[in-house]
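Take a look at the letters that make up each chain.
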Amino acid sequence: MSLPTRKLGRGSQSQNMPMTGERSSQPVDPAAKVCKEIVRCVNFAAIKHKDQRRKDEAQSPYVNHVIGVAYILTSEAGVSDVSVIQAALLHDTVEDTNTSFYELQAEFGEDIANLVKELTDDKSLPAEERKKLQVIHAPKSSYRAKLVKLADKLYNLRDLRRSPPVGWSKERIQEYFQWAAQVVSGLRGTNKQMEESLCDLFSERGITL
Ligand SMILES: Nc1nc2c(ncn2[C@@H]2O[C@H](COP(=O)(O)OP(=O)(O)O)[C@@H](OP(=O)(O)OP(=O)(O)O)[C@H]2O)c(=O)[nH]1
Ligand SMILES: [Mn+2]
């Protein structure tokens, strides 16, 4: 019996996969490409947020938040759009670290950079103004940005319930819930699972959407 003369790539399905280019015989595995892109975002976020801590008693690493937001999207909201997961991982880099949109554009492309832009508050504005703008901008956001905004709020509200920031009074926590409910109100009709979880958190506090 003669052996095949053509070299096969990894795995039995490799013959059906697109080639990387004319001169390369290495097939591109789409799953590997997605995996690589996501890990690249996790790595970028970990480096950018490395010195940042959450405001809780334990001073948890800030990067736990962005990974947690991405995890809510994949494990609870059923989101499989890679760009949404990438944006979730990068969503606080410009707002909270020395990252620019140009850097995001160069690293991850214009689409991801624009998505992060939709999720970024202008920190040069007073806090009151920023909060008002979130309420106004929520309903006008793109579908993908709405998904990340819902997951971001869900993570932060759960955090508030579990281990609130040091020094936050009961009133301040309640005010955050009330403001978050106004934002979430403008995001309705985007994702059933996350909206139900948010509704439960609000009703615990006597807030109805
Ligand atoms: N619940 C909670 N939040 C913490 C903690 N540490 C840091 N944060 C961040 O603080 C922000 C909420 O605190 P605020 O005082 O209302 O807002 P500010 O820091 O942007 O002025 C959130 O920003 P954000 O993610 O950009 O969301 P958003 O609130 O601006 O929508 C949240 O991620 C923590 O221990 N618990
Ligand atoms: Mn966030």
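Just so we're clear, the structure is a prediction, and the values are computed from it rather than from any experiment.

Rules behind the numbers
Residues numbered from 1 in each chain as written. Chains lettered and ligands numbered in written order. Predicted model: local features only at pLDDT ≥ 70, side-chain atom pairs only at ≥ 80, totals over all residues. Heavy atoms only, no water. Donors = N, O, S within 2.8 Å, 3.2 Å for Na, K, Ca; no water. Helix = DSSP H or I, 4+ residues; strand = E, 2+ residues; numbered from the N terminus. Buried < 20%, exposed > 50% of the residue type's maximum accessible area, 1.4 Å probe, protein only. Contact = heavy atoms within 4.5 Å. Salt bridge = Lys/Arg side-chain N within 4 Å of Asp/Glu carboxyl O. 1 Å grid on protein atoms, 1.4 Å probe; cavity = no way out; pocket = protein on both sides within 12 Å on 5 of 7 lines; lining within 4 Å. Points joined across faces, edges and corners; volume = space filled by probe spheres on them. Axes fitted to C-alpha atoms, helices over the stretch in contact; angles between N-to-C directions. Left-handed = near helix turned anticlockwise from the far one by under 90°. Nonpolar A, V, L, I, M, F, W, Y, C, P; charged D, E, K, R; others polar.

> Quick one: what's the story with the coordination of the manganese ion (ligand 2), residue by residue and with numbers?
Within the protein, the atoms that donate to the manganese ion (ligand 2) are His65 (NE2), His91 (NE2), Asp92 (OD) and Asp152 (OD), at distances of 2.2 to 2.4 Å. Read in sequence order, the donor residues for the manganese ion (ligand 2) give the motif H-x25-H-D-x59-D. Within this pair, whereas His91 is found in the loop between α3 (82–90) and α4 (93–96), its partner Asp152 is found in helix α8 (residues 143–162), the two being separated by 61 residues in sequence. Like His91, the residue Asp152 is buried in the burial classification.

> Please provide a residue-by-residue account of the environment of Lys131, values included.
By the element assignment, Lys131 lies in helix α7 (residues 127–137). Residue Lys131 is classed as partly exposed on the basis of its relative accessible area of 31%. Between the C-alpha atoms of Lys131 and Trp179, which are 48 residues apart in sequence, the distance is 7.7 Å. Setting aside chain neighbours within four positions, we find Lys131 in contact with Tyr176 and Trp179.

> Break down the pattern of salt bridges for me, citing the residues and quoting the values.
Under the criterion given, the structure shown has eleven salt bridges. With its nearest N and O atoms 3.3 Å apart, the salt bridge here joins Glu37 to Arg40. Separated by three residues within a single helix, Glu37 and Arg40 lie in helix α1 (residues 30–48), roughly one turn from each other. Arg144 is the partner of Asp111 in a salt bridge, and the nearest nitrogen-oxygen pair spans 2.7 Å.

> How would you summarise the layout of surface pockets if you had to cite specific residues and measurements?
If you add up the space inside the largest pocket, you get close to 1,300 Å³. Lining the largest pocket we find 44 residues, and of these Asp121, Lys131, Gln134, Tyr176 and Trp179 sit closest to its centre. Those elements giving two or more residues to the lining of the largest pocket turn out to be α4, α7, α8 and α9 (170–185). No other element matches the nine residues that α7 contributes to the lining of the largest pocket.

> I'd like a description of the packing of α9 against helix α10 (residues 192–204), backed by residues and values.
At a minimum axis separation of 11 Å, α9 and α10 run at an interaxial angle of 145 degrees. As for the relative orientation of α9 and α10, their crossing is left-handed in sense. Touching Phe177, Ala180, Ala181 and Val184 of α9 are Leu198, Leu201 and Phe202, all from α10. Each residue belonging to the contact of α9 with α10 can be placed in one class, and the counts come to seven nonpolar, no polar and no charged.

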